[in-house]
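# Structure at a glance
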Amino acid sequence: MKYLNTKEKLRLKTLLDKNKLHTIKNSKGKIIKYTYDDFDFVLWPYEEQTKIKHKVLREYLFVWATKLGSVNYINYYDGFSGGGAYYNSEENDINYGSPIIAKEQFIRAKRGNKSSFYFNDKNKSNVENLKKAFVKSGISTSNITYTIGEFENNITSFIEQLKDNPKPTFFMIDPFGINAHFSTIKKIMEIPKTEVLFNFMYNFARRFTNNKNSETNLTDLFGTEEWLNYKNLSGDAKENTLRDLYKQQLKSCAKYVYQYRMCFPNDKRTYYYLFHASNNRDGCSIMKDSFAKINYGEVEFLGPNQPNPAQLAIWDLTTDKIETLKVQIWNEFKGQTILYKDIVDRYIDSTTYLERHIKQAVLLLKDEYAEFIHVNSKTRTIDYDDTICFFDKPNLKPVQMSLFS
Ligand SMILES: C[S@@+](CC[C@H](N)C(=O)[O-])C[C@H]1O[C@@H](n2cnc3c(N)ncnc32)[C@H](O)[C@@H]1O
């Protein structure tokens, strides 16, 4: 069988015939699935925030597979893999789910033969659906292992094997609810060269904080009982405290943790946070770039508050951001000597700034506010191991008196 490359597939892209498309609704009349006369699998409705999640995953996995796969055999593990196919009503077309996206991007990165894929879902019909969606996609199905069952049970043996023989592995943990334990994510992050993209279903967790029957699930989710102290908070205070608690937990086992806020498409409230945990600075930085690239330069999806691309003056926003960051860095580090990489580490996962903003802000400090000591004399901008000596006071240039004035 000849597999199609991405260009060939795009050429063959055909729109669906709406007469062949049928809906399956739940008792409240909401569309939960589509069937299509020519397909032997179902399609899920494609929500706006899922589109964004998939675009980010596509961008990031291509870079990840290219970089880590250049010298290593690599793995992708999808613990809540889903049914593999969505109906995109805006474009009247099929879009594929995270497992097919991952396989496609590894092939695009020319790592298709040097990688393994593990797809798990507790629902047998979703796994069967995914297999059929794969066939329809035309993407190679080699090196795939499917498992059916509870994520928490099925991942155990995979973690044990990986621990004995570590390989760079990207874990996609994308549940509908609160059924992934922090202790499992911690075990994953303790293995070298692992990364996790975890869907922290905040809206779901929030609703159950005052339900006695969910206490054990929430304690497993957070990996601590500390969340109980905050269950009676409300609004933003509750959201920010619980999000920060989860981040603090992840920071105990991953050096870089950044969370992407995803609102409901038609509501300004938070639906979920996508937490990215990595022990690699580039991983954190590239994931942020990937998100910003597909989201008008921003690192959160604001639903109805999304910026209007027609009105965006990206240049002005970026200039303001960099000026603000420059002042922040100066106020924090004046009088100190510090490596440039420590400045990047300080801001990369605790602010919305991208790494290029940090670099631009630091470069603006040169001469007037700080002196740079380069490890490599040929460096024209700044390297991670360069030292920055911040002055105690700005070194304001004297007004130049012209000899000829
Ligand atoms: C949000 S969907 C996954 C979507 C998929 N990652 C994608 O991007 O296309 C969540 C999936 O998790 C599965 N699931 C729910 N609870 C699970 C559990 N405890 N263990 C494994 N799978 C579970 C559901 O059947 C569903 O297919």
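Residues numbered from 1 in each chain as written. Predicted model: local features only at pLDDT ≥ 70, side-chain atom pairs only at ≥ 80, totals over all residues. Heavy atoms only, no water.

## Quick notes on the sheet that holds strand E14 (residues 337-339)
Selection criterion: For two strands to be treated as a pair, DSSP must find at least two bridges joining them. Only DSSP runs of H or I covering at least 4 residues are called helices, and only runs of E covering at least 2 are called strands; the numbering of each starts at the N terminus. Each axis is a line fitted through C-alpha atoms, and for a helix only the stretch in contact is used; angles between axes span 0 to 180 degrees, taken between their N-to-C directions. Residue contacts are defined here by distance: any two heavy atoms, one from each residue, within 4.5 Å place the two residues in contact.
Across the sheet, which stays open at both edges, the three strands sit in the order E14-E16-E15 with antiparallel pairing between neighbours. Each having just a single partner strand, E14 and strand E15 (370-373) make up the two edges of the open sheet. Recorded for the sheet is a direction-independent mean angle of 20° between the axes of neighbouring strands. Judged from the four bridges that link them, E15 and strand E16 (residues 387-390) form a sheet pairing that is antiparallel. Bridge assignment links alanine 370 to a residue of E16, and that residue is phenylalanine 390. Helix-sheet contacts for helix H12 (residues 340-348) involve E14 and E16, and the interaxial angle to E14 is about 80°.

## Structural notes on the pattern of salt bridges
Our working rule: In the sections that follow, a salt bridge refers to a side-chain nitrogen of Lys or Arg positioned within 4 Å of a carboxyl oxygen of Asp or Glu. Relative accessibility decides the category of a residue: with a 1.4 Å probe and only protein chains considered, values under 20% of the type maximum give buried, values over 50% give exposed, and everything between is partly exposed.
Counted under the stated rule, the structure contains 21 salt bridges. Between aspartate 174 and lysine 53 there is a salt bridge, with its nearest N and O atoms 2.9 Å apart. One end of the pair, aspartate 174, is in the loop between strand E9 (169-173) and helix H6 (182-189); the other, lysine 53, is in helix H2 (residues 48-68), and 121 residues separate them in sequence. Assessed through its relative accessible area of 7%, lysine 53 is described here as buried.

## Observations regarding the pairing of E9
Put simply, the rule is: Here, the term right-handed applies to a crossover whose path from the first strand over the helix to the second runs clockwise when the strands point away from the viewer.
Within E9, five of the five residues are buried, which leaves it mostly tucked inside the rest of the structure. Neither face of E9 is left uncovered, since the one carrying Thr169, Phe171 and Ile173 and the one carrying Phe170 and Met172 both have all their residues buried. With four bridges joining them, strand E4 (residues 74-78) and E9 adopt parallel strand pairing. Looking at E9, one finds that tyrosine 77 is bridged to phenylalanine 171. Sheet topology places E9 next to strand E10 (residues 194-200); five bridges connect them, and they run parallel. Paired with isoleucine 173 across the two strands is phenylalanine 198, which belongs to E10. Between E9 and its parallel partner E10, the chain crosses via H6, and the hand of that crossover is right-handed.

## Focus on the domain arrangement of the chain
Stated formally: As annotated, the domain borders come from an automatic or database domain assignment. A 1.4 Å probe defines the accessible area here, and the buried area is the portion of it lost by two parts on being joined, summed over both.
One can read the domain layout of the chain as domain 1 (6-305) and domain 2 (313-390). Computed from C-alpha coordinates alone, the two centres of domain 1 and domain 2 are separated by 33 Å. With 17 residues of domain 1 at the interface, the matching set in domain 2 holds 17 residues. Note on domain 1 versus domain 2: buried area summed over both sides is about 1200 Å², and carbon and sulfur give 46% of it.

## Looking at the nonpolar core
Short version of the rule: Only buried Ala, Val, Leu, Ile, Met, Phe, Trp, Tyr and Cys residues count toward a nonpolar core, and they belong to the same one when joined by side-chain atoms within 4.5 Å.
By size, the foremost hydrophobic cluster in this structure holds 73 residues, and its most contacted members are Leu43, Tyr76, Ile329, Ile343 and Phe390. No other element matches H2, which puts seven residues into this core. Counting only domains with at least three residues in this core, you end up with domain 1 (6-305) and domain 2 (313-390). Non-local contacts of leucine 43, meaning those with residues more than four positions away in its chain, are made with Leu21, Lys33, Tyr34, Tyr36, Ala85, Tyr86, Tyr87 and Ile94. One finds Phe80, Phe151, Ile173 and Leu221 within the second-largest nonpolar core, a separate group that totals 37 residues.

## Regarding the site of the ligand
Rule in force here: Residue proximity to a molecule or strand is established when one non-hydrogen atom of the residue lies within 4 Å of it. Polar contact is defined as a pair of N or O atoms within 3.5 Å, subject to the rule that within protein one atom must be able to donate a hydrogen and the other to accept it, and that residues adjacent in sequence are counted only when both atoms are side-chain atoms. Surface accessibility in these figures is a Shrake-Rupley result with a 1.4 Å probe; residues are shielded only by whichever protein chains are displayed. Here the term charged refers only to Asp, Glu, Lys and Arg, the term nonpolar to Ala, Val, Leu, Ile, Met, Phe, Trp, Tyr, Cys and Pro, and the term polar to all other amino acids, Gly among them.
Taken together, 20 residues form the shell around the ligand, and within it His54, Tyr86, Asp121, Glu150 and Asp174 come nearest. At 2.8 Å from an oxygen atom of the ligand is found a side-chain nitrogen or oxygen belonging to histidine 54. Within the side chain of glutamate 150, a nitrogen or oxygen atom sits 2.8 Å from a nitrogen atom of the ligand. Compared with its free state, where it exposes 600 Å², the ligand has 95% of that area covered by protein. Looking at the shell around the ligand residue by residue, the classes come out as five nonpolar, 11 polar and four charged.

## Details of helix H13 (residues 355-365)
What counts, and what does not: Directions from the helix axis toward the C-beta atoms define the arc.
Listing the buried residues of H13 in full gives Glu355, His357, Ile358, Ala361, Val362 and Leu365. Buried residues of H13 fall within an arc of 160° about the axis and therefore sit on the same side.

## A word on the side chain of arginine 281
Summarising the element assignment, arginine 281 is placed in helix H10 (residues 281-294). Apart from the residues within four sequence positions on either side, arginine 281 is in contact with Tyr256, Lys341, Val344, Asp345 and Tyr384.

## Considerations on the packing of aromatic side chains
Where we set the bar: Between 30 and 60 degrees the pair is tilted, below 30 it is stacked and above 60 it is edge-to-face, where a pair is any two Phe, Tyr or Trp rings, Trp via its six-membered ring, whose centres lie within 6.5 Å.
Enumeration over the complete set of coordinates arrives at 40 aromatic pairs. Between tyrosine 76 and phenylalanine 106 the ring centres are 6.3 Å apart and the planes differ by 80°, which places this aromatic pair in the edge-to-face class. Taken together, the residues span a long stretch of sequence, with tyrosine 76 in strand E4 and phenylalanine 106 in helix H3 (residues 98-108) at a distance of 30 residues. For the pair shown, tyrosine 76 and phenylalanine 106 are each scored as buried.

## Describing the packing of H2 against H3
Note the following rule: A clockwise turn of the near helix away from the far one marks a right-handed crossing, whereas an anticlockwise turn of less than a right angle marks a left-handed crossing.
One way to put it is that H2 packs onto H3 with a least axis distance of 8 Å and a crossing angle of 35°. In this structure, H2 crosses over H3, and the sense of that crossing is right-handed. Contacts from His54, Leu57, Arg58, Leu61, Phe62, Trp64 and Ala65 of H2 reach H3 at Ser98, Ile101, Ala102, Glu104, Gln105, Phe106 and Arg108. Per-class residue counts for the contact of H2 with H3 are eight nonpolar, three polar and three charged.

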